[in-house]
Amino acid sequence: MAHTLPQLPYEYNALEPYYDEATVKIHHDLHHKAYVDGLNNAELKIEEARKSGDYTLIKHYERELAFHGAGHILHSLFWENMMANGGEAKDEVLNQINKDFGSYDSFKKEFSAAAVAVEGSGWSILCWNCMFSKLVILTAEKHQDLTQWAVKPLLILDVWEHAYYLKYQNKRAAFVEAWWNIVNWNVVNERFKCASKK
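Calculation criteria
- Residues numbered from 1 in each chain as written.
- Predicted model: local features only at pLDDT ≥ 70, side-chain atom pairs only at ≥ 80, totals over all residues.
- Heavy atoms only, no water.
- Buried < 20%, exposed > 50% of the residue type's maximum accessible area, 1.4 Å probe, protein only.
- Helix = DSSP H or I, 4+ residues; strand = E, 2+ residues; numbered from the N terminus.
- Pairing = 2+ DSSP bridges.

Undergrad: Mind showing me how you'd approach the pairing of strand 1 (residues 122–129) here?
TA: A regular strand places its side chains on the two faces of the sheet in alternate fashion. Counting buried positions over the eight residues of strand 1 gives eight, a clear majority of the element. The two faces of strand 1 match: Gly 122, Ser 124, Leu 126 and Trp 128 on one face and Trp 123, Ile 125, Cys 127 and Asn 129 on the other face are all buried. Two strands pair when backbone bridges link them, and strand 1 and strand 2 (residues 134–141) are joined in this way by eight bridges, in the antiparallel orientation. When the sheet's bridge partners are listed, Trp 128 is paired in strand 2 with Leu 135.

Undergrad: Would you take a moment to explain unusual backbone geometry for this structure?
TA: Peptide bonds are, in most cases, trans, and in most cases residues other than glycine have a negative phi. Residue Glu 16 is joined to Pro 17 through a cis peptide bond whose omega torsion reads 0°. Relative to the assigned elements, Pro 17 resides in the segment before helix 1 (21–52). A positive phi is found at Asn 85, a non-glycine position, where the angle reads about 55°. Residue position: Asn 85 is located in the loop between helix 2 (58–80) and helix 3 (91–101). Overall, Asn 85 belongs to the exposed group, its relative accessible area being 72%. One non-glycine residue, Gln 169, lies in positive phi territory at about 55°. Judged by its relative accessible area of 43%, Gln 169 is partly exposed.

Undergrad: What should I look at first to understand the environment of Gln 169 in this one?
TA: Looking at where Gln 169 falls in the secondary structure, it is placed in the loop between helix 5 (165–168) and helix 6 (172–179). C-alpha of Gln 169 to C-alpha of Ser 124: the two residues are 45 residues apart in sequence and 19 Å apart in space.

Below you can see the structure in the form of structure tokens.
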């Protein structure tokens, strides 16, 4: 069954003034859609290889599968991570943040610094590491490089230039700072509760 572009859980202009309507529309309708299309194509080509027994291009399409699949997943999570009038962490995820990072402010500084420091295009991600039973902050260059196994993404920030360039131009740090105003901690907390169940 083909993957489809998920609808946004809000209107294109709902995240103004922190995330502008034009960027949200381009980012979702064009960039995210391209990852969905790339993922569908990679899966189709791999299925064709299975049927024909010709795996000459398997290395290429496995890379395409990882790149576009991770791009689709991370974008889908990213859109859900935002809402108008976002707030600060609360409930179970806040308790775990305080335990693993010392304080919410310490976490926020580390997450922001990681996002600004991503080399080239990528993501900053708060994850629950199932093997270590703790929260970790990871960066993912492109969509899939520098990741860890056994982690479940909870809070995702897209710092590819297409995510912020229309409004913030090359000022990634300004975008990251503004983004904190639209974080949907309700979704993050629900993801955390599901991920940390033993």
